[in-house]
Amino acid sequence: MPSSDVPSAPEAFAAKRNGGLYFVSGPVDAFFVGGASLLLFAVLWLFHGGERTDTVISTAAALMWVVNWPHFSATSYRLYQGTTGVRSYPLTAFAVPVAVLGLTSMALVSPKILAPAFVHLFMLWSPYHFSGQTVGVSLLYARRAGLPIGTWERRALVTFVYGTFVMQTIRAEGAGQKANFWGVAYDTLGVPEWAVTGVTVLLVLSGIALAVLLTLYARKEKRKIPPIVLLPAVSQYVWFVAGPSRQSFAEFVPFFHSLQYLLIAWAMQMAETARGERLTRSRLFGETLGWWVKNVAGGIALFWATPRLAADAAGVALPFATGVLFAAVQIHHFFVDGVIWKLKNPGVSSPLMTTLGNLLGPRAAEPAE
């Protein structure tokens, strides 16, 4: 996802003039980048006991096929489609898969030592990766709004967002706890419970600092801070701090992260497809459907077919192979994501300033039926 580099004031305001705040519209963008998760949390809080029921599990599992898994495939698709990505990031395109494949192979043949360490690495890295995406999406919308986020505002935002990651990690890695991922058991770090108090203070102070700094900025510039700039950060607070109190909600957090990612990846894909020209509505729909279908197929290959092939090749149980391969695919995703979404790269930042209005031609340009 977009990295957390900060646009200069001239860059930010130029972006605002050349595009708009939303990729599609206020309600649609808000739904994808965090609003959907807040709505579900409110519904579950009001009308559900919070239990991780069979219905909750089956619903979340069904959504994996059409949103969670495709979001991982979309990263690989962006890197490997054509030759541009491979030429731009040769180490990421070739060395990283080889390294991850090597670690995966060793983990498959070492179920007691390497497999737990490999899975544990993934479990620690995953919420950290979520945090990087959250900060990146917030700063992307700040750039689209023409807001030159300063150093101290950025530090407060980063501290708050990554503070939620630390809180989630402390709770998951508590002393005396055992963890299990698809049959791969591992020991937690044994973080003492008193650490929760320290992180809570950090979250409160950074949240207050961010609110004060943005309020002062808004008064100085005599303009409002668009809520969508802070929506990803608020949403992640619910995902990692408030949400775990409802197991039924926690089941869907990876889905919401994936939903957020797919909006940005779709906008990038459509902007690169259009290449500055106008698309008809029918072509935009066709390109969107084709991109999504390819990534659904890619997700199935990565998360359904590959574990089965690995289980047969290594002679291990399918649940164990699934746990190791799920970790492997996502670790590869974390590596690639950290490279291909740098906003300092004009090839990334320019397409990410697009809007639906920029992509679509006038209705009169539609081909006759």
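This write-up is about the structure you can find in this document. Since the model is a prediction, treat every value here as computed from it, not as a measurement. Note that residues are indexed from 1 along each chain, following the sequence as it is written. In keeping with the model being predicted, local features are shown solely for residues with a pLDDT of at least 70 and side-chain atom pairs are shown and tallied solely at 80 or more, while totals for entire chains, interfaces and linings include all residues. Just so you know, side-chain values use all the structure's heavy atoms and leave hydrogens and water out.

## Quick word on a nonpolar patch on the surface
Heads up, the condition is: Residues forming no salt bridge and having over 30% relative accessible area are the ones grouped into patches, like charges within 9 Å of each other and nonpolar side chains (Val, Leu, Ile, Met, Phe, Trp, Tyr) within 5 Å. Surface exposure here means Shrake-Rupley accessible area, sampled with a 1.4 Å probe, where a residue is shielded only by the protein chains that are shown. Here, a salt bridge means any side-chain nitrogen of Lys or Arg that lies within 4 Å of a carboxyl oxygen of Asp or Glu. Numbered from the N terminus, helices here are DSSP runs of H or I no shorter than four residues, and strands are runs of E no shorter than two.
Judged by side-chain polarity, Trp65, Val66, Phe285, Leu289, Trp292, Val293 and Trp304 come together as a nonpolar surface patch covering roughly 660 Å² of accessible area. If you list the elements that add at least two residues to the nonpolar patch, you get α3 (54–80) and α12 (281–314). Among the elements that line the nonpolar patch, the one with the most residues is α12, at five residues.

## Details of helix α13 (residues 318–340)
What sets the pattern is the α-helix's 3.6 residues per turn: residues three or four places apart point alike. Applied cut-off: To estimate the expected span of a helix, count its residues, drop one, and scale the result by 1.5 Å. Exposure is judged per residue with a 1.4 Å probe applied to protein chains only, and the accessible area is read against the type maximum: over 50% gives exposed, under 20% gives buried, and values in between give partly exposed.
With 23 residues, α13 should reach 33 Å at 1.5 Å per residue; the first-to-last C-alpha distance of 32 Å fits that figure. The buried count for α13 comes to 18 of 23 residues, which makes it a mostly enclosed element.

## So, the layout of surface pockets
Note the following rule: Using only the protein atoms, space was sampled on a 1 Å grid; points where a 1.4 Å probe fits but cannot get out form cavities, open sets with protein on both sides within 12 Å along at least five of seven lines form pockets, and lining residues are those with an atom within 4 Å of a point. Grid points are joined across faces, edges and corners, and a volume is the space filled by probe spheres set on the points. Any residue that is not Ala, Val, Leu, Ile, Met, Phe, Trp, Tyr, Cys, Pro, Asp, Glu, Lys or Arg is counted as polar, Gly included; the first ten are nonpolar and the last four charged.
Considered as a void within the structure, the largest pocket measures approximately 1,500 Å³ in volume. Lining the largest pocket are 45 residues; nearest its centre among them are Met123, Phe181, Ala250, Glu251 and Pro254. Broken down by element, the lining of the largest pocket gets its largest block of residues, eight residues, from α3. For the lining of the largest pocket, the residue count by class is 27 nonpolar, 13 polar and five charged. Here the second largest pocket is characterised by a volume of approximately 690 Å³. If you go around the second largest pocket, you meet 29 residues; those closest to its centre are Ala271, Glu272, Arg275, Gly347 and Pro351. Broken down by secondary-structure element, the contributors of at least two residues to the lining of the second largest pocket are α3, α4 (84–88), α11 (253–274), α14 (346–349) and α15 (356–359). Looking at the lining of the second largest pocket, the element that brings in the most residues is α11, giving five residues. When the residues that make up the lining of the second largest pocket are grouped by side-chain class, the tally is nine nonpolar, 15 polar and five charged.

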